Amino acid sequence: MNTNVDYGEIEEVLGRILEREVGFGNLVQEMMESGRGVSLTDWFRLIGNVLLEQLNQKGQMIGYFMILILLAALLTTVAKAFRNKQISDMGFYMIFLLLFVLMMKNFVTCCELTEGLTKDLIDFMKVLMPAYLMAAAVGSYSTSAVVYYEGFFLLVYYLQKLVESFLMPAIRCYVVFSMLNYLSREKWFSKGLEGFKRLITWILKAMVGVSAGFQMIQGMLAPAVDEMRHGVISKGVSSLGNVGQVAQNVTDVILSSSALLKNGIGALGAVFLVSISLVPVAEIAFYVLFYQVLAAAAEPVSDKRITDVLSHMGEGLGLLVKLSFTVSAMFLLVIAIVCVTTGGIG
């Protein structure tokens, strides 16, 4: 059964994303034979390696931030000693602008990582789902395969529109206005930013809920049609006596093989979805952790506005992490729901 599925496009896309040759068909065969997936230890080791690599690569950037924090602390102390508010304000704006440039450079990098990850996940799912649903169709779930195929591409279309047209611009606006909010001692946008962040978080949660609900509704109807059709055919074949019994046994073997193949493709697809997401999400998570630690370290000695702006940048990058997780979770749910609702006809 495995040789009847064309994995060429899947392997081509995975080769471009992972930058190495991937034998997807061979891996499906191995997973079907062994019945085992990928060790969680390997994933945790990969995340740890990415974080350590980021720490080594960003040493210079970390140094710049530490120098600016120390300068801000020194300036605050000198201004208090001489009680000169003008010197304090001038120094703050100079340091703030330098921090702003460094933080926005990192933020742009993280936005590119998030957009690239979303594109890679969509490209991978576009080549995975035809093979996955074809295996489901071979297993007497032809109606379900057609319905899920149409529903999947509808989901991808609206997902792309929502991410490109609203979510990414909204997160960029949130971060920029968070920076501007601390130029003055009076916080002009605090309540608006809080509500805006809550709105983005609600939309991310709604995306998962709507996607899961849509797929589950499809899973209630289409598989029932396929099972009814198979039941009618099965009873008709069984009524033919010994010849019908032999035909029924052969059919059961074919259906069991196709179900095993479908589940193997789905399980390996889920593994690669997580693997594709791990490195970009770990890189963005490094920046989130870095800004939160830096804000905590700067709080006792530096201007409160410096501490708050670092903390808000971490929160803005945290929204990018949530967006990446949401897109990955939506596609994992698609695979899982198709697997469960087309689990096999008895």
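About the thresholds
- Residues numbered from 1 in each chain as written.
- Predicted model: local features only at pLDDT ≥ 70, side-chain atom pairs only at ≥ 80, totals over all residues.
- Heavy atoms only, no water.
- Helix = DSSP H or I, 4+ residues; strand = E, 2+ residues; numbered from the N terminus.
- Buried < 20%, exposed > 50% of the residue type's maximum accessible area, 1.4 Å probe, protein only.
- Contact = heavy atoms within 4.5 Å.
- Areas by Shrake-Rupley, 256 points an atom, 1.4 Å probe, with all protein chains shown as cover.
- Salt bridge = Lys/Arg side-chain N within 4 Å of Asp/Glu carboxyl O.
- Core = buried A, V, L, I, M, F, W, Y, C linked by side-chain atoms within 4.5 Å.
- Patch = residues over 30% accessible without salt bridge, like charges linked within 9 Å, V, L, I, M, F, W, Y side chains within 5 Å.
- Expected span 1.5 Å × (residues − 1).
- Phe/Tyr/Trp six-rings, centres within 6.5 Å; stacked < 30°, edge-to-face > 60°.
- Arc of directions from axis to C-beta.

Caption draft 1: Geometry of the overall build of the chain. Scanning the chain from N- to C-terminus turns up 9 helices and 0 strands. Of the regular secondary structure in the chain, the N- to C-terminal order runs α-α-α-α-α-α-α-α-α. A burial count over the chain gives 45% of its 346 residues as buried. Of the contacts made within the chain by residues no fewer than 6 positions apart, 85% connect residues no fewer than 24 positions apart. Element-wise, carbon and sulfur atoms account for 66% of the exposed surface of the chain, whose accessible area totals about 17800 Å².

Caption draft 2: Structural detail: the side chain of N106. Locating N106 in the fold gives a position in helix 5 (residues 85-138). Residues contacting N106, with those up to four places away along its chain left out, are M61, F65, Y287 and Y291.

Caption draft 3: The arrangement of the pattern of salt bridges in detail. Following the criterion strictly, the structure yields 6 salt bridges and no others. Two residues, D120 and R16, come together in a salt bridge whose shortest N-O distance is 3.5 Å. Taken together, the residues span a long stretch of sequence, with D120 in helix 5 and R16 in helix 1 (residues 8-18) at a distance of 104 residues. Salt-bridge contacts for E115 lead to R172; the nearest nitrogen and oxygen are separated by 2.7 Å. Of the two residues, E115 is situated in helix 5 and R172 in helix 6 (residues 142-180); the sequence distance between them amounts to 57 residues.

Caption draft 4: Spatial organisation of the environment of F96. Positionally, F96 belongs in helix 5. Apart from the residues within four sequence positions on either side, F96 is in contact with M179, Y182, L183 and V309.

Caption draft 5: Focus on the nonpolar core. If you look at the biggest cluster of nonpolar residues, it comprises 85 residues, and the most contacted ones within it are F24, F124, L310 and F331. Elements that contribute at least two residues to this core include exactly helix 1, helix 2 (24-34), helix 4 (59-82), helix 5, helix 6, helix 7 (190-238), helix 8 (242-298) and helix 9 (304-341). Beyond its immediate sequence surroundings of up to four residues, F24 is in contact with Y7, I10, E11, L14, L128, I265, L268, G269 and F272.

Caption draft 6: Region of interest: the environment of L199. If you trace the backbone, L199 turns up in helix 7. The spacing of L199 and A170 is 29 residues in sequence and 9.7 Å in space, taken between C-alpha atoms.

Caption draft 7: A nonpolar patch on the surface, seen in detail. Taken together, Y64, I67, L71 and L74 make up a surface patch of nonpolar side chains, about 390 Å² in accessible area. Topologically, I67 is positioned in helix 4.

Caption draft 8: Layout of helix 9. Along its 38 residues, helix 9 runs 54 Å from first to last C-alpha, staying within 8% of the 56 Å computed at 1.5 Å per residue. The buried count for helix 9 comes to 28 of 38 residues, which makes it a mostly enclosed element.

Caption draft 9: Region of the structure containing the packing of aromatic side chains. Summed over all chains, the structure comprises 6 aromatic pairs. Ring centres of F152 and F331 lie 6.2 Å apart, and the angle between their planes is 55°; on these two criteria the pair is classed as tilted. Of this pair, F152 sits in helix 6 while F331 sits in helix 9; the two residues are 179 residues apart in sequence, bridging distant segments of the chain. Note on accessibility: F152 and F331 belong to one class, buried.

Caption draft 10: Representation of helix 1 within the structure. Restricting attention to buried positions, one finds in helix 1 the residues I10, V13, L14, I17 and L18. Angularly, the buried residues of helix 1 cover 115° about the axis, an arc narrow enough to put them on a single face. Turned more than 90 degrees away from the buried face of helix 1 sit E9 and E12, all of them exposed. Two residues or fewer after helix 1 comes E19, characterised by a positive phi angle close to 60°.

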